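Observations on the three-dimensional arrangement
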Amino acid sequence: MARILLTGGAGYIASHTAVALVERGHHVVLLDNFANSERDVPDRLRRLTGKLFPVIEADIRDVKAVTDAMQAFPVDGVIHFAALKAVGESEADPLLYYDMNIVGTIRLFEAMQQANVRRLVFSSSATVYGQPDHSPILEDAPTRVNNIYGRTKLVMEDLIRDLARTGKLLSAASLRYFNPVGAHPSAMIGETPSGVPNNLMPYITQVATGERPHLNVFGNDYDTPDGTGVRDYIHVMDLAHAHALAVEHIIAQDVSLTVNLGTGVGISVLELVHAFERATGRKIPLNIAPRRPGDVTSYYANPAMAEAILGWKAKLNVDDMCRDAWRWQAKRAGINDV
Ligand SMILES: NC(=O)c1ccc[n+]([C@@H]2O[C@H](COP(=O)([O-])OP(=O)(O)OC[C@H]3O[C@@H](n4cnc5c(N)ncnc54)[C@H](O)[C@@H]3O)[C@@H](O)[C@H]2O)c1
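Per-chain numbering applies: the sequence of each chain, read as written, is numbered from 1 onward. Only residues with pLDDT of 70 or above have their local features reported here, since the model is predicted, and side-chain atom pairs are shown and tallied only from 80 upward, although totals for entire chains, interfaces and linings are computed over all residues. Heavy atoms from the whole structure form the basis of all side-chain values; hydrogens and water molecules are not counted.

Things to note about the site of the ligand
The criterion, for reference: What makes a residue near a molecule or strand is one non-hydrogen atom of that residue sitting within 4 Å of it. What qualifies as a polar contact is a pair of N or O atoms within 3.5 Å, subject to a donor-acceptor requirement within protein and to the restriction that residues adjacent in sequence count only when both atoms come from side chains. Note on areas: Shrake-Rupley, 1.4 Å probe, and residue coverage restricted to the protein chains presented here. Runs of H or I in DSSP of at least four residues are treated as helices and runs of E of at least two as strands, each being numbered from the N terminus. For this classification, the nonpolar set comprises Ala, Val, Leu, Ile, Met, Phe, Trp, Tyr, Cys and Pro, the charged set comprises Asp, Glu, Lys and Arg, and every other residue, Gly included, is treated as polar.
The ligand sits among 27 residues. The nearest are D32, N36, F81, K85 and Y149. A35 places a polar main-chain atom, nitrogen or oxygen, 3.0 Å from an oxygen atom of the ligand. For the ligand, the protein covers 96% of the area, taking 820 Å² as the surface of the free molecule. Sorting the residues of the shell around the ligand by element identifies α1 (12–23), β5 (119–125) and α6 (148–165) as the ones contributing at least two each. Of all the elements, β5 adds the most residues to the shell around the ligand, at three residues. Of the residues that constitute the shell around the ligand, the class distribution is 14 nonpolar, nine polar and four charged.

Notes on α1
Applicable threshold: Take the number of residues in a helix, subtract one, and multiply by 1.5 Å to get its expected span. Exposure categories follow from relative accessible area, calculated using a 1.4 Å probe and restricted to protein chains: below 20% of the type maximum is buried, above 50% is exposed, and the middle band is partly exposed.
For α1, which comprises 12 residues, the first-to-last C-alpha distance of 18 Å matches the rise-based estimate of 16 Å (1.5 Å per residue) to within 8%. The set of residues buried in α1 consists of Y12, I13, A14, S15, H16, T17, A18, V19, A20, L21 and V22. Of the residues trailing α1, G25 is marked for its positive phi of about 90 degrees.

Examining the side chain of H249
Definition in use: Contacts are assigned to residue pairs that have any heavy atoms within 4.5 Å of one another.
Within the secondary structure layout, H249 lies in helix α8 (residues 236–252). Residues contacting H249, with those up to four places away along its chain left out, are V255, L257, I309 and L310.

Some remarks on empty space enclosed by the protein
Rules: For cavity detection a 1 Å grid was placed over the protein atoms alone, and a set of points counts as a cavity when a 1.4 Å probe fits there but cannot get out; an open set counts as a pocket when protein lies on both sides within 12 Å along at least five of seven lines, with lining residues being those that have an atom within 4 Å of a point. Grid points are joined across faces, edges and corners, and a volume is the space filled by probe spheres set on the points.
Counted according to the given criterion, the structure contains three cavities of 30 Å³ or more. Here the largest cavity defines a volume of roughly 70 Å³. Every residue along the wall of the largest cavity is listed here: G182, E191, M201, P202, T205, A325, W328 and Q329. Going through the elements one at a time, α7 (200–208) and α11 (318–332) are the ones with two or more residues in the lining of the largest cavity.

Thoughts on the sheet that holds strand β3 (residues 55–57)
Definition in use: One bridge is not enough; two strands pair if DSSP finds at least two bridges between them. Simply put, an axis is a line fit to the C-alpha atoms, just over the touching stretch for a helix, and the angle between two N-to-C directions goes from 0 to 180 degrees.
With parallel pairing, the seven strands of this open sheet are ordered in space as β3-β2-β1-β4-β5-β6-β11. Both outer strands of the open sheet, β3 and β11 (256–261), are each paired with one neighbouring strand and no more. The average undirected angle you get between the axes of adjacent strands in this sheet is 20 degrees. Relative to β3, strand β2 (residues 27–32) is paired through three bridges, and the arrangement is parallel. Bridged to L30 within β3 is V55. Docked against the sheet, helix α5 (residues 94–114) engages β1 (3–7), β4 (77–80) and β5, running at close to 170 degrees with respect to β4.

Examining the layout of surface pockets
The probe, sized like a water molecule, is rolled over the atoms to show the empty space still left. Roughly 150 Å³ of internal volume is contained in the second largest pocket. Lining the second largest pocket, in full, are A20, E23, M237, D238, A240, H241, K315 and L316. Those elements giving two or more residues to the lining of the second largest pocket turn out to be α1 and α8. Top element by residues in the lining of the second largest pocket is α8. It accounts for four residues. Looking at the lining of the second largest pocket residue by residue, the class counts come to four nonpolar, one polar and three charged.

Quick look at helix α3 (residues 63–72)
Rule in force here: The arc in question is the one traced by the directions running from the helix axis out to the C-beta atoms.
Looking only at α3, the buried set comprises V63, V66, T67, A69 and M70. Buried residues of α3 fall within an arc of 155 degrees about the axis and therefore sit on the same side. Projecting away from the buried face of α3 at angles above 90 degrees are the exposed residues K64 and A72. Buried residues along α3 sit against β1, β2, β3, β4 and α5.

Just geometry here; none of it tells us what the structure is for.
Shown next as structure tokens:
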């Protein structure tokens, strides 16, 4: 049993990870500045799990506050989720992204050094692969970031490798997520994008609730079976479980690893829409729009390394993802016939 600090602990993936960790008997401390999360998430987690979660409201760039938190709640390791994550915003405001993601991570690591916390799991992203030569993608594929958000992830991965190589971190796992979707089946926690969603699933669910008139499909002339872009969608509960296994692994051993977290199954935009319609009985009106610059044709993971090292494999399929995403969004929209 370990005590783990989650930075960005009230966010989408962290909140699901908190549930997975307590279900495996661990203690969880949440640290968040609530820049992109709702303040009642810790209370919802308490109702969902029956456990109390200490909450530290702080910015990861505040070394003193984060050091104090780790001294007040001595932890065995940190899972570092806190970051800004919108590609378009990163291109519009590069300094904001370098400051929040890279300076923020350096400040967090300073605090960890002061509190002598030397084990880390880090939220990286498959975006570091850019336009891959082929899929499934292995971890040793070239990294070719094509936006500032992706660059910040790659810089942080390099920083973590250097800290592990020089013994400043005893162990570290950089987890490259593919496309997280879905929500806890209770519909008590989920994804809360502010404004127009950047990602496909929240957009689909908002069309289904009537908040948006139709789904724009950006390009139907890609070199894929139905012409639409192919991605590797992964249920957030599977992703959360992988974090629990990763943290247990890096606490048990002094290792440094970088692993893909995906299902290994490529799903096109139209396949996802049809799966959603099947799972929910709701029709999604479509508008075929031109391709967006920078969009990648197809990418999906080779997740074999995660299975070999962590004993992890995604268990939930696209129907589960659609059902749980819809349950969450419908509840928020006050729709009860789900
Ligand atoms: N959701 C995805 O599609 C996806 C894909 C790949 C990687 N990731 C990465 O996973 C991590 C979590 O993503 P998410 O989707 O849960 O995002 P999220 O926005 O829901 O969660 C991030 C949390 O961090 C907090 N935060 C942001 N800046 C902070 C700061 N300076 N100090 C303290 N807290 C801060 C936010 O308030 C939020 O609660 C991020 O690092 C993201 O880049 C996400």
